[in-house]
Amino acid sequence: MIHYTPLPPELIFYNPEESASSSLREVMIDGVQMLVEINPTMELKIVRLLSGNPMHYLDPRLQPGNILQLIPKI
Amino acid sequence: MINQLQNEQNPSIEEELKKKNVMQSIQQLGQTTVPSLESNIYCLPVIGQIEGHLVMPPQNKTTKYEHVIPQIVAAEQNPKIEGMVIVLNTVGGDVEAGLAIAEMIASMSKPTVSIVLGGGHSIGVPIAVSSDVSFIAETATMTIHPIRLNGLVIGVPQTFEYIEKMQDRVIQFIARHSKVDDEKLRDLMFRTGELARDIGTNVVGKDAVNMGLIDRVGGISDAMIELNRLIKKNKGELLQ
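Residues numbered from 1 in each chain as written. Chains lettered and ligands numbered in written order. Predicted model: local features only at pLDDT ≥ 70, side-chain atom pairs only at ≥ 80, totals over all residues. Heavy atoms only, no water.

Chemist: Would you mind showing me how to read helix 3 (residues 65-77) of chain B here?
Modeler: In an α-helix, one turn spans 3.6 residues, which is why side chains three or four residues apart end up on the same side. All names here are of chain B. Its 13 residues give helix 3 an end-to-end C-alpha distance of 18 Å, which sits within 8% of 18 Å, the value for a rise of 1.5 Å per residue. For helix 3, the set of buried residues is His-67, Val-68, Gln-71, Ile-72 and Ala-75. Buried residues along helix 3 cover an arc of 120° about the axis, so they all sit on one side. (Helix = DSSP H or I, 4+ residues; strand = E, 2+ residues; numbered from the N terminus. Expected span 1.5 Å × (residues − 1). Buried < 20%, exposed > 50% of the residue type's maximum accessible area, 1.4 Å probe, protein only. Arc of directions from axis to C-beta.)

Printed below as a string of structure tokens:
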């Protein structure tokens, strides 16, 4: 693999904490793909939207930092 | 009763409560339907590192090719999407992933406009030039420098030939999709005394336009005006 970047490789490939990213998950909620952090209480905190629709970024419910609750549907 | 009274005196609190309730019910997403806000433009942000064949450590912000490539396919196929804007603020990354994304954008039938904000370095350059019309913010920069191998490098002459070949892939793509020629690009790439810890050149906003790498200097409104013009032209509404 060729990595083409002005950043030094030791900065990119240095891995501070292997477990740091374990709580980050990619999920699709109502057609919007997003990166969320899962709390121990099973709440989802939005970290980043991965959508290509610019309107999704204006949706107040989908702002980064918002907490979504996982409620099982019966 | 008391509650009602208080609410009458304080309508703002009541409103606040209502809002809270709405928010709570909305937080149970999956049961409510999100009102669809449609846009005829697809926005493709290329941010951080471009991640390809290798998963990057978590401190890197990445744009993953497994996200971007299907997104481009979907944008091309979706009849509601009429154009695509590519917003770049990237430090480069995997050559194969970057070239794959650039080729996908270049081969789209729908109008595409790219805008470089902040930085569009290394493999960000082919992505920036792959669109129909490219823009760069006045303060944005693009680093053009040689590619290099990471990891174990076998010290034989063939390795050099291999790097040369990989380098040609990038150079030829840029030369084909911008007004810079092969020779000029090589000159920029191997120039010394411009970068602090590498050879190559850092081109800022206007310089990128003057050398023909990027089409125009501009911001989001310029990019949107151009994209809308291209969309109209694509639909046959604009006869020139």
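Chemist: Looking at this structure, how should I read the packing of helix 3 of chain B against helix 4 (residues 95-106) of chain B?
Modeler: Any two packed helices are characterised by how steeply their axes cross, that is the angle between the axes, and by the distance between the axes. Residue and element names in this part refer to chain B. In contact at an axis separation of 10 Å, helix 3 and helix 4 are set at 10° when each is read in the N-to-C sense. Regarding the angle of helix 3 to helix 4, the classification is roughly parallel. Contacts between helix 3 and helix 4 pair Tyr-65, Val-68, Ile-69, Ile-72 and Val-73 from the former with Ala-97, Ala-100, Ile-101, Met-104 and Ile-105 from the latter. Grouping the constituent residues of the contact of helix 3 with helix 4 by class yields ten nonpolar, no polar and no charged. (Axes fitted to C-alpha atoms, helices over the stretch in contact; angles between N-to-C directions. Parallel < 35°, antiparallel > 145°, perpendicular 65-115°, else oblique. Contact = heavy atoms within 4.5 Å. Nonpolar A, V, L, I, M, F, W, Y, C, P; charged D, E, K, R; others polar.)

Chemist: Please explain unusual backbone geometry as it appears in this structure.
Modeler: Glycine aside, negative phi is the norm for most residues, and most peptide bonds take the trans geometry. Positive phi is not limited to glycine here, since Asp30(A) has a value of about 50°. Tracing the sequence through the fold places Asp30(A) in the loop between strand 2 (24-29) and strand 3 (32-38). Accessibility expressed as a relative area gives 31% for Asp30(A), which makes it partly exposed. With phi around 50°, Ser122(B) is a residue other than glycine that occupies positive phi space. Examined against the element boundaries, Ser122(B) turns out to sit in the loop between strand 4 (112-120) and helix 5 (124-129). Judged by relative accessible area, which is 1%, Ser122(B) ranks as buried.

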